[in-house]
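Fold and geometry: a report
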Amino acid sequence: MYLKKLQQYLFVISNLKGNWEALCDELIEVQHKLEVNLSHWSAYYENFEDMQRWLLNMEVKLKEDTELQTTLHEKKSKLQSHQILHRDILSRDHIIDKLTEKAHTLTQSAPSAKVKNFVEKLRHKYAMICETSKDVLVKLEHSVHDHQQYEISAQSFSNWLNSARERLEACTDQSGDKLSLKSKMDILKDLSSTIKDGENKLNHVKNLLTVTTKNSSRPGQDIMQRQLDHLQGEWDDYLAHMKSTELYLNKTVTLWDTFDTQLEHLKEWLKNMEQKVKGHELKNTFKEKQSQLEKFKKLHDEILSYQPQVEKLTDDAHILMQASSDVRLSSQVSQFTNRYQGLLSLIK
């Protein structure tokens, strides 16, 4: 009987031992599961916090990239750096997906509306960062494009003006005969016909400046305004120079026309007078001779009356020679004055 009870005790103890071992195994398994689960939660929170810090950092960088730049070089540099940043932002999409997947897996074993809400907010914030970055990229691209167009337009106007000024400078040289001066007048007329084109080019620069300054810093705006003021000053100087050159050329050409007209008139008068003086015949009677003498006295007085015109012609020729450096004038005037002096000697 004692033996039987002992066997019963041993059986109970054996069952208790088995249950204990089973409980220990179950505790070990639960502990392992808890450790694994804790590890997953820790990894999730670490990734979540990393992503959150990264988003905050991106907000700061995006704000920095919206700051206005001064020069085209700075704008290009900013655009290039933001293009790299934008690609980096878009490349983080898979991280958001993994966080969402992890959150879903974790909440399956431990439902938590808070975790789901946090992930949704994080995803929304990331989407806003992507959209903001895209807007900044577009704005920077427009800023660079507008600034490039402004500089191209300003350089185009400057090149056009330099070419026009070179042609104008060739007209400021007053040397040469009347034909060469009229050729210069033709160049001036051609330049005058392009004034509207120059005004349109300058107005285009002004319009582009207005657009460009909106996306430029205050120092950049000041630089571009000084550039425009310089171009405007050069344009005003060009117009004033053209006007003064045109006035001087017109004055010189008018002097040439007056001189040529006067010279042709005096040549014709001299030719007729030479024929009258040389074409006389000897007379027979005293009355005829006296009449012929009176006639020659009148011719002599008429020839003397033309002396002021001859002197003025000589003065005008001297002025023209100083202005045009045409040596043929000296020869023409010398020939005429010699003929005039010869006629005067002959009439005497």
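Calculation notes
- Residues numbered from 1 in each chain as written.
- Predicted model: local features only at pLDDT ≥ 70, side-chain atom pairs only at ≥ 80, totals over all residues.
- Heavy atoms only, no water.
- Helix = DSSP H or I, 4+ residues; strand = E, 2+ residues; numbered from the N terminus.
- Contact = heavy atoms within 4.5 Å.
- Areas by Shrake-Rupley, 256 points an atom, 1.4 Å probe, with all protein chains shown as cover.
- Buried < 20%, exposed > 50% of the residue type's maximum accessible area, 1.4 Å probe, protein only.
- Phe/Tyr/Trp six-rings, centres within 6.5 Å; stacked < 30°, edge-to-face > 60°.
- Axes fitted to C-alpha atoms, helices over the stretch in contact; angles between N-to-C directions.
- Parallel < 35°, antiparallel > 145°, perpendicular 65-115°, else oblique.
- Nonpolar A, V, L, I, M, F, W, Y, C, P; charged D, E, K, R; others polar.
- Salt bridge = Lys/Arg side-chain N within 4 Å of Asp/Glu carboxyl O.
- Core = buried A, V, L, I, M, F, W, Y, C linked by side-chain atoms within 4.5 Å.
- pLDDT = per-residue confidence, 0-100.
- Left-handed = near helix turned anticlockwise from the far one by under 90°.
- Expected span 1.5 Å × (residues − 1).
- Arc of directions from axis to C-beta.

1. Re the overall build of the protein chain
Across its full length, the protein chain carries 10 helices and zero strands. The linear arrangement of helices and strands in the protein chain, starting from the amino end, is α-α-α-α-α-α-α-α-α-α. Contacts in the protein chain between residues far apart in sequence, at least 24 positions, make up 83% of those at least 6 positions apart. In the structure as shown, the protein chain presents an accessible area of about 22,600 Å², 55% of it carried by carbon and sulfur atoms.

2. A closer look at the side chain of S217
By the secondary structure assignment, S217 is in the loop between α6 (195–213) and α7 (218–278). Take S217: its relative accessible area is 10%, and that puts it in the buried class. If we ignore the near neighbours within four places in the chain, the residues touching S217 are L68, Q69 and T70.

3. Considerations on the packing of aromatic side chains
Enumeration according to the criterion identifies six aromatic pairs in this entry. For the pair W54 and Y126, a centre-to-centre distance of 6.3 Å together with 35° between the ring planes defines the contact as tilted. A residue pair is termed long-range when its members are at least 10 positions apart, and W54 in helix α1 (residues 2–65) and Y126 in helix α4 (residues 113–172) qualify at 72 residues. Measuring from ring centre to ring centre gives 5.9 Å for W160 and W235, while their planes differ by 40°; the resulting arrangement is tilted.

4. A closer look at the packing of α6 against α7
For the pair α6 and α7, interaxial distance at closest approach is 10 Å and the crossing angle is 170°. Between α6 and α7, the angle is such that the two are roughly antiparallel. From α6, I195, G198, E199, L202, V205, K206, L209, T212 and T213 reach across to α7, where they touch Q221, M224, Q225, L228, L231, Q232, W235, L239 and M242. Looking at the contact of α6 with α7 residue by residue, the class counts come to 10 nonpolar, six polar and two charged.

5. What about the pattern of salt bridges?
Using the criterion set out here, one finds eight salt bridges in the structure. The partner of E59 in a salt bridge is K125, with the nearest N and O atoms 3.8 Å apart. Linking E59 in helix α1 with K125 in helix α4, this pair joins segments that are 66 residues apart in sequence. Measuring nitrogen to oxygen at the nearest pair gives 2.8 Å for the salt bridge that ties R167 to D190. Linking R167 in helix α4 with D190 in helix α5 (residues 178–193), this pair joins segments that are 23 residues apart in sequence. Residue class for R167 comes out partly exposed when judged on its relative accessible area of 35%.

6. Comments concerning the nonpolar core
Generally speaking, nonpolar side chains in soluble globular proteins are found buried as a group. Formed by 47 residues in total, the largest nonpolar core has its most connected members in F157, L188, Y238, F259, V277 and I303. Looking at this core, the elements with two or more residues in it are α4, α5, α6, α7, α8 (286–305), α9 (307–324) and α10 (328–347). Per-element tally for this core: the top contributor is α7, with 16 residues. Once residues within four sequence positions are removed from consideration, V277 is found in contact with F296, L299, I303, L343, L346 and I347. In this structure, M51, L55, L62 and I89 belong to the second largest nonpolar core, which totals 14 residues.

7. Quick notes on the confidence of the model for the protein chain
Interpretation of this model should avoid reading the predicted coordinates in detail wherever pLDDT is low. Of all residues in the protein chain, 82% have pLDDT values of 70 or greater, and the mean over the chain is 82. Across the protein chain, the secondary-structure element scoring lowest on mean pLDDT is helix α3 (residues 93–109), at 70, and the one scoring highest is α6, at 95.

8. Brief notes about the packing of α7 against α10
Remark: α7 packs on α10, axes separated minimally by 11 Å, with the N-to-C direction vectors making an angle of 30°. Put simply, α7 runs roughly parallel to α10. Relative to α10, the crossing made by α7 is left-handed. Only L329, Q332, V333, F336, R339, Y340, L343, L346 and I347 of α10 make contact with α7, whose side of the interface consists of W256, F259, L263, L266, K267, W269, L270, K271, M273, E274, V277 and K278. Partitioning the contact of α7 with α10 into residue classes produces 15 nonpolar, one polar and five charged.

9. Concerning α8
Its 20 residues give α8 an end-to-end C-alpha distance of 28 Å, which sits within 8% of 28 Å, the value for a rise of 1.5 Å per residue. Within α8 the residues assigned to the buried category are Q292, F296, L299 and I303. Down the axis of α8, the buried side of the element spans an arc of 55°, and every buried residue falls inside it. Across α8 from its buried face, at more than 90 degrees, point the exposed residues F286, K287 and K298.

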